[in-house]
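Okay, here's what each chain looks like letter by letter:
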Amino acid sequence: MTTQELLTKVRKIEIKTKVLSHQIFAGEYHSAFKGRGMAFSEVREYRYGDDVRNMDWNVTARMSSPYVKVFEEERELTVMLLVDISNSGVFGTAVRTKRELLAELAATLSFSAILNNDKVGCILFSDRVEKFIPPGKGRTHLLRIIREILEFRPEGKGTDIGEALRFFTNAIKRRCTAFLMSDMLDVDIDGNPRYEEAMKVAVNRHELSVIRVSDPRERDLTPLGLVHAVDSESGNALWVNTSSRQMREAYSEWYRSASRGAERLFLRYHVDSVDISTDEDYVRGLMSLFQRR
């Protein structure tokens, strides 16, 4: 991808997702992701119906009349995007690749956050943390995040979600809202997630949601005869007889097993999640994620 092609793609994503953020997601985002708590605003005279637990006894004593503390919601949040940029993201048989879908999702979330005066940071990972972009604000900062997601070429060859979650919990000390964005196909030989312990720690410290991306051809193989398949992460290649019903069913069962393992984990640790495919409009998926919170 040339520099001009990259800039054109980033600009298109900015225009599309900025409109969505303003017209659709701003209200849902504000409702779904609250501030860190209540921050002190001012002291004023007591009014009938005020909670006596908010009485400021020092000021009351000085002024010889009752005064109460007034609090307001502390709105500013830190939003962290944990984005899987492993080589499996270049796969896509519909209108976009998984990497391009992740970039659009990240942009929509970022612009929604910025409308609420929140800071946005990003962790790009493969089987290691490839890049850490500290939380910041502003259009230039957000465009950098989009550009990095589209352009970055990972050094790692695989996927390690646990490593990304561990880095996240160590790097971000103050409680924040985080979105883990990946195909979540980081499983052992039995289809069990390899990142359970890291996720358990992360959800105890932060508000974590998962956006799981996929492509239709990943879920079910199409019978196309003998196909030369190459694993985009390991580089291993083999010939696959996609005409074999037994082989197609075995693959589909492996994929479903991996998906069920992830879903059980999300339920166990009360992690909100949504599945979004490269052939789908992601607006409905994000709206459902916001509304469930």
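Please refer to the structure placed before this passage.
Cut-offs and rules
- Residues numbered from 1 in each chain as written.
- Predicted model: local features only at pLDDT ≥ 70, side-chain atom pairs only at ≥ 80, totals over all residues.
- Heavy atoms only, no water.
- Helix = DSSP H or I, 4+ residues; strand = E, 2+ residues; numbered from the N terminus.
- Buried < 20%, exposed > 50% of the residue type's maximum accessible area, 1.4 Å probe, protein only.
- Core = buried A, V, L, I, M, F, W, Y, C linked by side-chain atoms within 4.5 Å.
- Contact = heavy atoms within 4.5 Å.
- Arc of directions from axis to C-beta.
- Axes fitted to C-alpha atoms, helices over the stretch in contact; angles between N-to-C directions.
- Parallel < 35°, antiparallel > 145°, perpendicular 65-115°, else oblique.
- Nonpolar A, V, L, I, M, F, W, Y, C, P; charged D, E, K, R; others polar.
- Right-handed = clockwise from strand over helix to strand, strands pointing away.
- Pairing = 2+ DSSP bridges.

Turning next to the side chain of Ser-86. Tracing the chain through its elements places Ser-86 in the loop between strand E3 (78-84) and helix H3 (98-115). Among the residues examined, Ser-86 registers a relative accessible area of 1% and is labelled buried.

Now for the nonpolar core. Judged by nonpolar contacts, the single largest core of 35 residues is most densely connected at Leu-81, Val-83, Leu-105, Leu-109, Phe-179, Met-181 and Ile-211. Elements with a contribution of two residues or more to this core: E3, H3, strand E4 (119-125), helix H4 (139-151), strand E6 (177-182), strand E7 (207-214), strand E10 (272-277) and helix H9 (282-292). Counting residues per element, this core draws most heavily on H3, at nine residues. With residues near it in sequence (within four places) discarded, Leu-81 still touches Ala-106, Leu-109, Ser-110, Val-120, Gly-121, Cys-122, Ile-123, Ile-145, Phe-179 and Met-181. Listed in part, the 25 residues of the second largest apolar core include Leu-165, Ala-178, Met-184 and Val-203.

Right, let's talk about helix H6 (residues 196-205) for a bit. Of all the residues in H6, the buried ones are Ala-198, Met-199, Ala-202 and Val-203. Each buried residue of H6 lies within a common arc of 125° when the element is viewed along its axis, so the set occupies one face. Those residues of H6 that are exposed and aimed more than 90 degrees away from the buried face are Glu-197 and Asn-204. Those residues of H6 hidden inside the fold are in contact with helix H5 (161-171), E6, E7 and helix H8 (245-268).

This part takes up the packing of H3 against H4. The geometry of H3 relative to H4 is characterised by a closest axis approach of 9 Å and an angle of 170° between their N-to-C directions. When the axis of H3 is compared with that of H4, the two are roughly antiparallel. Two secondary-structure elements touch here, H3 through Arg-99, Glu-100, Leu-102, Ala-103, Ala-106, Ala-107, Ser-110, Phe-111 and Ile-114 and H4 through Leu-142, Ile-146, Ile-149, Leu-150 and Glu-151. When grouped by side-chain class, the residues that make up the contact of H3 with H4 number ten nonpolar, one polar and three charged.

Attention shifts here to the pairing of E7. Counting buried positions along E7 yields seven of eight residues, so the element is predominantly enclosed. Crossover handedness for the path E6 to H6 to E7: right-handed. Relative to E10, E7 runs parallel, the two sharing six bridges. Across the sheet, residue Val-210 finds its bridge partner in E10, namely Ser-273.

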